[in-house]
Every structure is written in structure tokens, then in C-alpha cells.
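Notes for the structure review
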Amino acid sequence: MKALLASICSIFAASAAGAASVTVPDNSTSLASVAAATTALLLDAGLKPQNAGGGVFVLDAKNFHCDQHLNGALDASSVRAGLPTLKCRINSQNKRGTTAGQPFGEGRAMIELLQKVQGSHPPGGAAFSDCGMGYCGIFARSIKCTIDTKIGNFSNGGRWSCVFTDGQ
């Protein structure tokens, strides 16, 4: 468990570079199904699609923030010992312990997708997390997905695309 948590934190190591964006189309071979899964999570979270015209709709989750406590140092008698806790919000601040914004219940699934996006690009690309001392702060300035409703064949690609922008 500790190795898994350390792996997650190392994958999310923060970059000192400026904000970076990664565009992921639904027909990406290296990130298969990431755009569709992200779009579904944003819809499930209650984000309202905005009509961009021409059958294209946009979902934009701004300021996605999570506080993750790894809990590896807790006494073994604690039911939380060794189990990470996670609280995520949208329209939030990139600040530890913030309560600004709206709760985002599917944080673990979104973090897994952010991990895939970050891991698919070379160092210096998008960095969504900063970890240390049993805590990880995860932040994306924007997760913006488009849905092209004119495309009815879901297998050929082009219906969903997402742009992930870090907050570094």
C-alpha cells in the first residue's frame, strides 16, 4: 500500500514550469477512453453542457482541487491507517484544506485520469500534484471537454475531446 501511495505521489511530482495544457481526443491511442471517461465524470458531477454552436457542447470544470492525506503514519488501531482520504472540489482554491467551491464526489476516478494524462507526457509537461509529508494537493486549473453531437458513431473518434490544464 505504501509503495502504491508513494508511486502516486511521485507520478504527480510538481513541475516548476509554467502552466501546461494537454489535449486528449477520444481516438488517442496512448490515452484510450480518457476523454470519454472524463466527459462522463463531469456530466455525472452535474456540470451543465454549454452550447458552443453547430452541435458542439462544452463542459468546463474550473479549479479542480483535491486534498489527499496518505494516513500511513496513523496508529494501526485507527480504521483509517494506511488508507488515503480524499476530498475534492471544483470552483475551488489551490489551497490545503479549502472548503471553497462545490464538492466533487468522483475524485478518485478523476485523479486516476489526471495521472494517466500526466504520465503520458515527458517531464516538464502537465503536473497536477504536489506531494510531501503524507499529503498531496492535486490541482487542475481547467478540465475542459467538448462533445460533438453531430458524430453519432462512437467508435470512430471525434465525438469527445478534453483539454487538461495544470495550475503550476
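Here is a short report on the structure shown in this document. This one's a predicted model, so the numbers in the text were calculated from it and none came from an experiment.

For the rest of this paragraph, the subject is the overall build of the protein. The number of helices and strands found in the protein is three helices and eight strands. Sorting the 168 residues of the protein into buried and exposed places 40% on the buried side. Sequence separation of 24 or more characterises 64% of the internal contacts of the protein that already satisfy a separation of 6 or more. A total accessible area of about 8700 Å² is found for the protein, and carbon and sulfur atoms account for 55% of it.

Let us look at helix α2 (residues 34-44). Those residues of α2 that fall on the buried side of the exposure criterion are V34, A35, T38, T39, L41 and L42. Along the axis of α2, the buried positions cluster into a sector of 160°, meaning they face one direction only. Next to the buried residues of α2 lie β1 (21-25), β3 (56-69), α3 (107-119), β7 (135-148) and β8 (160-166). Count one or two residues on from α2 and you reach G46, which has phi positive near 95°.

Another point: the environment of V24. Relative to the helices and strands, V24 is located in strand β1. Classification of V24 as buried rests on a relative accessible area of 1%. Residues V24 and A36, twelve residues apart in the sequence, show an inter-C-alpha distance of 9.8 Å. In this structure V24 touches L31, V34, A35, V117, S161, C162 and F164, once residues within four positions along its chain are discounted.

Right, let's get into the state of the cysteines. Here the structure, examined in full by the defined rule, presents three disulfides. Here C131 engages in a disulfide with C136; their sulfurs sit 2.1 Å apart. Judged by the sign of its S-S torsion, about 115°, the bond between C131 and C136 is right-handed. The class of C131 is partly exposed, set by a relative accessible area of 24%. With relative accessibility at 0%, the residue C136 sits in the buried group. Sulfur-sulfur distance for the disulfide between C145 and C162 comes to 2.1 Å. Taking the sign of the torsion about the S-S bond as the criterion, the disulfide between C145 and C162, at about 105°, is right-handed. A residue pair is termed long-range when its members are at least 10 positions apart, and C145 in strand β7 and C162 in strand β8 qualify at 17 residues. Each member of the pair C145 and C162 is classed as buried.

Procedures and definitions
- Residues numbered from 1 in each chain as written.
- Predicted model: local features only at pLDDT ≥ 70, side-chain atom pairs only at ≥ 80, totals over all residues.
- Heavy atoms only, no water.
- Helix = DSSP H or I, 4+ residues; strand = E, 2+ residues; numbered from the N terminus.
- Buried < 20%, exposed > 50% of the residue type's maximum accessible area, 1.4 Å probe, protein only.
- Contact = heavy atoms within 4.5 Å.
- Areas by Shrake-Rupley, 256 points an atom, 1.4 Å probe, with all protein chains shown as cover.
- Arc of directions from axis to C-beta.
- Disulfide = S-S within 2.5 Å.

Purely spatial values, then, with no claim about function.
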